[in-house]
4 protein chains.
Amino acid sequence: MKRIFISLLIVCSISSASAQLDRARSKIKSKTIHSNVLNTGRNYNIYLPISYDLNPNKRYPILYLLHGLNGTNKDWFERGHLKDVADQLIAGGEACEMIIVSPDAGGNIPEEWNGYFNMPGWNYETFFFTEFVPHIESEYRVIGNKANRAIAGLSMGGGGSTQYAQRYSSMFSSVYAMSALMSIPEGNSTVTTNPNSKMEILNNSVIENSCIDFVKNASDTKKEELRSIVWYVDCGDDDFLIDRNIEFYQVMRAAQIPLQFRVRDGGHTWEYWHSALYTCLPFIARNFKNR
Amino acid sequence: MKRIFISLLIVCSISSASAQLDRARSKIKSKTIHSNVLNTGRNYNIYLPISYDLNPNKRYPILYLLHGLNGTNKDWFERGHLKDVADQLIAGGEACEMIIVSPDAGGNIPEEWNGYFNMPGWNYETFFFTEFVPHIESEYRVIGNKANRAIAGLSMGGGGSTQYAQRYSSMFSSVYAMSALMSIPEGNSTVTTNPNSKMEILNNSVIENSCIDFVKNASDTKKEELRSIVWYVDCGDDDFLIDRNIEFYQVMRAAQIPLQFRVRDGGHTWEYWHSALYTCLPFIARNFKNR
Amino acid sequence: MKRIFISLLIVCSISSASAQLDRARSKIKSKTIHSNVLNTGRNYNIYLPISYDLNPNKRYPILYLLHGLNGTNKDWFERGHLKDVADQLIAGGEACEMIIVSPDAGGNIPEEWNGYFNMPGWNYETFFFTEFVPHIESEYRVIGNKANRAIAGLSMGGGGSTQYAQRYSSMFSSVYAMSALMSIPEGNSTVTTNPNSKMEILNNSVIENSCIDFVKNASDTKKEELRSIVWYVDCGDDDFLIDRNIEFYQVMRAAQIPLQFRVRDGGHTWEYWHSALYTCLPFIARNFKNR
Amino acid sequence: MKRIFISLLIVCSISSASAQLDRARSKIKSKTIHSNVLNTGRNYNIYLPISYDLNPNKRYPILYLLHGLNGTNKDWFERGHLKDVADQLIAGGEACEMIIVSPDAGGNIPEEWNGYFNMPGWNYETFFFTEFVPHIESEYRVIGNKANRAIAGLSMGGGGSTQYAQRYSSMFSSVYAMSALMSIPEGNSTVTTNPNSKMEILNNSVIENSCIDFVKNASDTKKEELRSIVWYVDCGDDDFLIDRNIEFYQVMRAAQIPLQFRVRDGGHTWEYWHSALYTCLPFIARNFKNR
């Protein structure tokens, strides 16, 4: 009888959120870093794999995972279930252990600054490369080279990760862009100048940082640098950003820069991005070179 | 400029929870039904497909979707993202429109009654078949026959749906059992008798309602009835309930009752059950006969 | 000992091509039909599902499955392993029983006539609709209405099935186009006039039967008719025909004709088409209306 | 006009077997090795990846891929379409470049010797490890260590690869067993002694080399060695060998030797094994350690 009762308690405890107290587990931390560039604190969430605490000398590859417009550092963890997905893929051997970090680049529109680029009054990109990355890679046991650093993101964060890798191509081994805002959908290049609207300022920054134009205008040297990165673009057939993703795929092909391109069923939704993690993390992992 | 601004607002609004106000949408309702059998109110959540309000005379097939131990009617909707999955599969044509309902058969252990079977002091099964199903199928526009009624569930709800379909085989066209509690893991048949412990009472009810023993003991007539149902059993290779699911598969095969059996990567987790919905709903849909 | 020996013989016999003599099986037949239109015999291969011989009064839905340039009626059966795929999907419940037929519209270039359209001296389309379809649907137990007739194909046959469904939209319930020759890749509309080259004549017919232009030029009435068909377009990201498939997807979307669009990994290869069958047959099946 | 004509010729040439003459390509070779152990020649087929001829100093990881009963070295290449699958997975980045070799261990029953183990009069295992592997790894540019050597196979070859890895655990980094003959299905341990029947002799060898008993009887040291290999077992729910694969999974779990276990839809068929390659090659690749 005791055995039965214990059995069902196992069912219970495994079903509950507080399960598996006795096993080594991956961890999520929510932290804040003060930015001198932005003159404010910025939050981030970070995933540390199971062995992180067990092997205090081991260093890990890292994935920077960017959220979308109107979102924050919590999105990938709360709605994207990042920890659950990463745990399963690592346990099943489909991805290697890695650190995954998502910084806050948004929040409620129009009150909050949204965007990954430098904008008048909000130099987020400068913050990202001169403060955030150095902080993370010294605070946590990150290997810290191109071969073991990757970037990915959804929507505005898909455009952000693509453009970051385009301009800082010596820093990233691979990019996985989901439903990416490769440029403004309508293709209009007019720049607005209302200095009071964070949305308009963001708008301008996206126009100025078109991932498509970047490839079109790339020199042969830059194209060769872009070939040092492994690219993956994933966008739903019902996504309102699909045409710009197609255009990106076509200019990359014309520039003879290899990339994987996928159109799956779906729209601009969390179901799409969550399922993309199952492709993204193995892709990122197999393009790390430390394995 | 106006066009650009509008474009980015579209990004924003689609990303936000309040999007798509102008389109017909599926709905989730949270309701309570009073049970005379249980002498208390019981909550349920129900999914109504897009056309439900548009076609006021149309009737729909229905799926009863059961939660697990320690869970409630909200689980499939909150952590299982049922609405998002159903919307996508229906939009993509992989599942037909259907009503999906999940009743509360649990809550915090050990305070709350958990379980789908009749137990001393808690005749849940009687409630389900004499009060809940009749209520749902008169309150909503359900077709209401075997050919258009299915049942599925996870863990304790996987065992519940299997056993319900076994005993009420004239009511269901198909069953999809995920990580199912086909019986108590250890295989111990001892029955405990502490009338004060809801957990022990549940324990006994699971032993007495073993889905495996049911097949072993089935008469030829009953076996023939079980063949009128299409069966699907799906359990992870890291699930602590896998051996009992294997045993169920083997006794079904021995009894020559066709079933689909799958072992995928994963454990007793929401990632497993969420991904199972992508197989479950198309399976359920193609076994409805009204299409 | 006898039991062991028998066991291994089972391994042997199941592994061998001549296995399963005692079970009802699906069948492939190779036949020839004389065409007055073409003034020659044309071969076809046909798949008859397991129950075909067992239920002599049952009628079946039908899929017309078209091969590509330089191919023949044998391709889907020999390299596409159509019988094996159909048998598995039907056994697993993912597709319903159906008849599948593939007519010869090609062979060695430049000796043989290739193509699905009417060309000077070779009215294949006339043959298909006035001789082939009527012959098949009287010779075999085909249901024979739009709701239970579908068409699919690869490359030249993907363009053929799309164009056939566009012009004969009252005949087909669904279309699955793989790596389709939606028009000539370069987009050149010049028509050549060498009456001696079968390749040039085919070339002209593909230009004249552009699936993309068809949608662009469709009247509102025709667009409404096209909406009565369920469309699926599937093309690899390394396929040299991908841009025309993208263009087709975009004009269909602009015309507000729903279609499923997928870009998977791969090129213009049999691995792509064979794997497409696993999506195609369930898609075709769930859009038949007799189920 | 010239452009159009060229376009369609591209369609043609790409569709044809003689396409892509101008690109580097992977190669298949069919060779024969003389065996002193077996006192006869044995054929093998070998896949060499695209870069093999281009980089004359590069060394590669290797996969030994075993066929089933009644089969030969040609099976994986002719019905398994190994070259097409490997080319696609390597091009898409899902598997790294590797050499894949399949030796002949069978042919028509009962005339030919079938089997991977040492049998009275036919010491195939001795041939494999003392003649075949050394020959291949000196004749081709193989890295030649455990970290870069893997083994996989179907049915009799699934049992062969499992048992080989069990006994020579210092040689292989990973194993992928498909529909494996883990032991004789009926579980009968009687050994027959007719020295004239190759089938009975094979039968005995399979009984004596039970992969299940091997784990049950393994010492703690051996179990630890088995943990140095990454294991994957993949078997269809309609396969007549499924119960022995389940038993293997259960004894491995009891011995606390991690393995991936999957049950997918299907039987003992080439559709199953062909589709398994899409899981097998990425699995093998990510467990090579030279990447």
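Criteria and thresholds
- Residues numbered from 1 in each chain as written.
- Chains lettered and ligands numbered in written order.
- Predicted model: local features only at pLDDT ≥ 70, side-chain atom pairs only at ≥ 80, totals over all residues.
- Heavy atoms only, no water.
- Helix = DSSP H or I, 4+ residues; strand = E, 2+ residues; numbered from the N terminus.
- Contact = heavy atoms within 4.5 Å.
- Areas by Shrake-Rupley, 256 points an atom, 1.4 Å probe, with all protein chains shown as cover.
- Phe/Tyr/Trp six-rings, centres within 6.5 Å; stacked < 30°, edge-to-face > 60°.
- Buried < 20%, exposed > 50% of the residue type's maximum accessible area, 1.4 Å probe, protein only.
- Lys NZ or Arg CZ within 6 Å of the ring centre and 35° of its normal.
- Buried area = accessible area lost by both parts, 1.4 Å probe.
- Nonpolar A, V, L, I, M, F, W, Y, C, P; charged D, E, K, R; others polar.
- Salt bridge = Lys/Arg side-chain N within 4 Å of Asp/Glu carboxyl O.
- pLDDT = per-residue confidence, 0-100.
- Least-squares fit on C-alpha atoms with pLDDT ≥ 70 in both.
- Pairing = 2+ DSSP bridges.
- Right-handed = clockwise from strand over helix to strand, strands pointing away.
- Axes fitted to C-alpha atoms, helices over the stretch in contact; angles between N-to-C directions.
- Parallel < 35°, antiparallel > 145°, perpendicular 65-115°, else oblique.
- Left-handed = near helix turned anticlockwise from the far one by under 90°.
- Expected span 1.5 Å × (residues − 1).
- Polar contact = N/O pair within 3.5 Å; in protein donor to acceptor, adjacent residues only side chain to side chain.
- Disulfide = S-S within 2.5 Å.

Student: What am I meant to see in the overall build of chain A here?
Tutor: The helix and strand tally for chain A stands at 11 helices and 10 strands. Long-range contacts, defined here as pairs at least 24 residues apart, represent 75% of the contacts in chain A between residues at least 6 apart. On chain A, roughly 10,700 Å² of surface is accessible, and the fraction owed to carbon and sulfur atoms is 48%.

Student: I keep staring at the packing of aromatic side chains and nothing clicks. Help me out?
Tutor: One pair of aromatic rings is described through two measures. These are the centre distance and the angle between the planes. Residue and element names in this part refer to chain A. In this structure the tally under the stated criterion is 95 aromatic pairs over all chains. Aromatic side chains Trp113 and Trp122 sit 5.5 Å apart centroid to centroid with 5° between the ring planes, which places their arrangement in the stacked category. Under the relative-accessibility criterion, Trp113 is labelled buried at 16%. Here the guanidinium or amino end of Arg141 rests over the ring plane of Tyr52, the centre of that ring lying 4.0 Å away.

Student: Mind showing me how you'd approach the interface of chain D and chain A here?
Tutor: Interface size, as often reported, equals the accessible area lost upon joining of the parts. In this complex, chain D contributes nine residues to the contact, which on the side of chain A involves nine residues. Between chain D and chain A, a total of about 790 Å² is buried, with carbon and sulfur atoms accounting for 28% of that surface. Split into classes, the residues belonging to the side of chain D that touches chain A amount to one nonpolar, three polar and five charged.

Student: Explain the pattern of salt bridges here, please?
Tutor: Two side chains of opposite charge can pair, provided their charged atoms sit close to one another. Counted according to the given criterion, the structure contains 64 salt bridges over all chains. Between B:Asp265 and D:Arg262 there is a salt bridge, with the nearest N and O atoms lying 3.6 Å from each other. Here D:Arg262 lies in strand 10 (residues 259-264) and B:Asp265 lies in the loop between strand 10 (259-264) and helix 11 (270-287), a pairing that spans two chains. When sorted by exposure, B:Asp265 lands in the same class as D:Arg262, which is buried.

Student: Looking at this model, I keep getting lost on the confidence of the model for chain A. Mind explaining?
Tutor: Detailed reading of predicted coordinates is not advised where the pLDDT is low. All names here are of chain A. Residue-level pLDDT values for chain A average 92, and 89% of them are 70 or greater. Segment residues 13-22 is flagged for pLDDT under 50; beyond a separation of four residues in sequence, or across chains, it makes nine contacts in the model. The ipTM for the predicted assembly is 0.92, set against a pTM of 0.94.

Student: Would you take a moment to explain the relation of the copies chain D and chain A for this structure?
Tutor: Between the two chain copies there is a screw-like relation: a rotation about an axis and a shift along it. For the pair chain D and chain A, the relating rotation is 180°, the translation along its axis is 0.0 Å, and the fit reaches an RMSD of 0.0 Å. Within this description, the copies of the chain are treated as partners about a two-fold rotation axis. A high fraction, 100%, of the interface residues of chain D reappear at the interface in chain A, so the copies pair face to face through one surface.

Student: Is there a simple way to think about the pairing of strand 9 (residues 230-236) of chain B in this case?
Tutor: The two faces of the sheet receive side chains in turn, since in a regular strand these alternate between them. Residue and element names in this part refer to chain B. Taking burial as the measure, the seven residues of strand 9 include six buried ones, the bulk of the element. Bridge count between strand 8 (residues 174-178) and strand 9: five bridges; the pairing is parallel. In the strand pairing of strand 9, Tyr176 is matched with Tyr232. Sheet analysis places strand 9 next to strand 10, joined by six bridges and oriented parallel. Bridge pairing in strand 10 places Val233 opposite Phe261. Handedness of the β-α-β unit built from strand 9, helix 10 (residues 242-254) and strand 10 comes out right-handed.

Student: Got a minute to help me understand unusual backbone geometry in this structure?
Tutor: Peptide bonds are mostly trans, and most non-glycine residues show a negative phi. That bond from A:Ile109 to A:Pro110 is cis: its omega, 5°, falls within 30 degrees of zero. Position of A:Pro110 among the secondary structure elements: in the loop between strand 4 (99-103) and strand 5 (118-119). Phi angles above zero are rare outside glycine, and C:Asn39 is one such case at about 60°. Within the fold, C:Asn39 resides in the loop between strand 1 (27-35) and strand 2 (40-48). Taking the relative accessible area as the measure of exposure, C:Asn39 reaches 64% and is therefore exposed. The phi dihedral of C:Gln256 is positive, around 55°, even though this residue is not glycine. Mapping C:Gln256 onto the fold places it in the loop between helix 10 (242-254) and strand 10 (259-264).

Student: Mind showing me how you'd approach the packing of helix 11 (residues 270-287) of chain A against helix 11 of chain B here?
Tutor: Two numbers describe a pair of packed helices, the interaxial angle and the distance between the axes. Two elements in contact, helix 11 of chain A and helix 11 of chain B, have axes separated by 13 Å at closest approach and are oriented at 110°. In terms of orientation, helix 11 of chain A and helix 11 of chain B fall into the roughly perpendicular class. Where helix 11 of chain A crosses over helix 11 of chain B, the two elements pack in a sense that is left-handed. Contacts between helix 11 of chain A and helix 11 of chain B involve A:Glu271, A:His274 and A:Tyr278 on the former and, on the latter, B:Glu271, B:His274 and B:Tyr278. Residue composition of the contact of helix 11 of chain A with helix 11 of chain B, grouped by class: two nonpolar, two polar and two charged.

Student: Would you explain helix 10 of chain C in this entry?
Tutor: The periodicity of an α-helix, 3.6 residues per turn, causes residues three or four positions apart to be oriented the same way. The terminal C-alpha atoms of helix 10 of chain C lie 18 Å apart, and with 13 residues this matches the ideal 18 Å at 1.5 Å per residue to within 8%. Buried within helix 10 of chain C are the following residues: C:Ile242, C:Arg244, C:Asn245, C:Ile246, C:Phe248, C:Tyr249, C:Val251 and C:Met252. In this fold, the buried residues of helix 10 of chain C make contact with helix 10 (242-254) of chain A together with helix 6 (156-167), helix 8 (211-216), strand 9 (230-236) and strand 10 of chain C. Within two residues after helix 10 of chain C, C:Gln256 carries a phi angle of roughly 55°, on the positive side.

Student: Explain the packing of helix 4 (residues 82-91) of chain B against helix 11 of chain B here, please?
Tutor: Residue and element names in this part refer to chain B. Running from amino to carboxyl end, helix 4 crosses helix 11 at an angle of 40°, the nearest separation of the two axes being 10 Å. Relative to helix 11, the element helix 4 lies oblique. Crossing geometry of helix 4 relative to helix 11 is assigned as right-handed. Mapping the contact onto sequence places Leu82, Val85, Ala86, Gln88 and Leu89 in helix 4 and His274, Leu277, Tyr278, Leu281 and Pro282 in helix 11. Taken together, the residues that form the contact of helix 4 with helix 11 break down as eight nonpolar, two polar and no charged.

Student: What is the right way to look at the side chain of A:Glu97 in this model?
Tutor: All names here are of chain A. Within the secondary structure layout, Glu97 lies in the loop between helix 4 (82-91) and strand 4. Looking at Glu97, the relative accessible area reads 17%, which means it is buried. Within the structure, Glu97 has its side chain in polar contact with the backbone nitrogen of Ile50 (distance 3.4 Å). A polar side-chain atom of Glu97 sits 2.3 Å from a polar atom in the side chain of Ser51. If near-sequence neighbours (up to four positions away) are discounted, Glu97 is found in contact with Pro49, Ile50, Ser51, Lys58, Tyr60, Pro61 and Ile90.

Student: Help me out: how do you make sense of the pairing of strand 3 (residues 62-66) of chain B in this one?
Tutor: All names here are of chain B. With five of its five residues buried, strand 3 lies for the most part within the structure. The side-chain alternation of strand 3 yields two buried faces, one formed by Ile62, Tyr64 and Leu66 and the other by Leu63 and Leu65. Note that strand 3 and strand 4 (residues 99-103) share three bridges and pair parallel. Paired with Ile62 across the bridge in strand 4 is Ile99.

Student: I'm lost on the state of the cysteines in this one. Help?
Tutor: As used in these notes, a disulfide is a covalent bond between sulfur atoms, one from each of two cysteines. What the rule picks out here adds up to zero disulfides over all chains. Between C:Cys235, a cysteine without a disulfide, and C:Cys211, which holds the nearest cysteine sulfur, the sulfur-to-sulfur distance is 13 Å.

Student: Is there a simple way to explain helix 4 (residues 82-91) of chain D in this structure?
Tutor: For helix 4 of chain D, the full list of buried residues reads D:Leu82, D:Val85, D:Ala86, D:Gln88, D:Leu89 and D:Ile90. The inward-facing, buried residues of helix 4 of chain D contact helix 11 (270-286) of chain C together with strand 2 (40-48), strand 3 (62-66), helix 3 (75-78), strand 4 (99-103) and helix 11 (270-287) of chain D. Once helix 4 of chain D finishes, D:Gly93 follows within two positions and takes phi at roughly 80°, a positive value.

Student: Help me out: how do you make sense of the environment of B:Asn73 in this one?
Tutor: All names here are of chain B. With respect to the helices and strands, Asn73 occurs in the loop between strand 3 and helix 3 (75-78). Judged by relative accessible area, Asn73 falls into the buried class, the value being 3%. For the pair formed by Asn73 and Ala105, sequence separation is 32 residues and the distance between their alpha carbons is 7.4 Å. If near-sequence neighbours (up to four positions away) are discounted, Asn73 is found in contact with Asn43, Tyr44, Asn45, His67, Ser102, Pro103 and Asp104. Among the polar contacts made by the side chain of Asn73, one reaches the side chain of Asn45 at a distance of 2.9 Å.

Student: Sorry, what's going on with the side chain of D:Glu271 here?
Tutor: Tracing the backbone shows D:Glu271 in helix 11. In terms of polar contacts, D:Glu271 uses its side chain to reach the side chain of D:Arg79, at 2.9 Å. Excluding anything up to four places from it in sequence, D:Glu271 contacts C:His81, C:Asp84, C:Val85, C:Gln88, C:His274, C:Tyr278 and D:Arg79.

Student: Could you clarify how one ought to interpret the environment of B:Asp220 in this entry?
Tutor: Residues and elements named next belong to chain B. When you line up the elements, Asp220 lands in helix 9 (residues 220-226). Look at Asp220 and you get exposed, because its relative accessible area is 63%. Each C-alpha atom of the pair Asp220 and Asp53 lies 45 Å from the other, and the pair is 167 residues apart in sequence.

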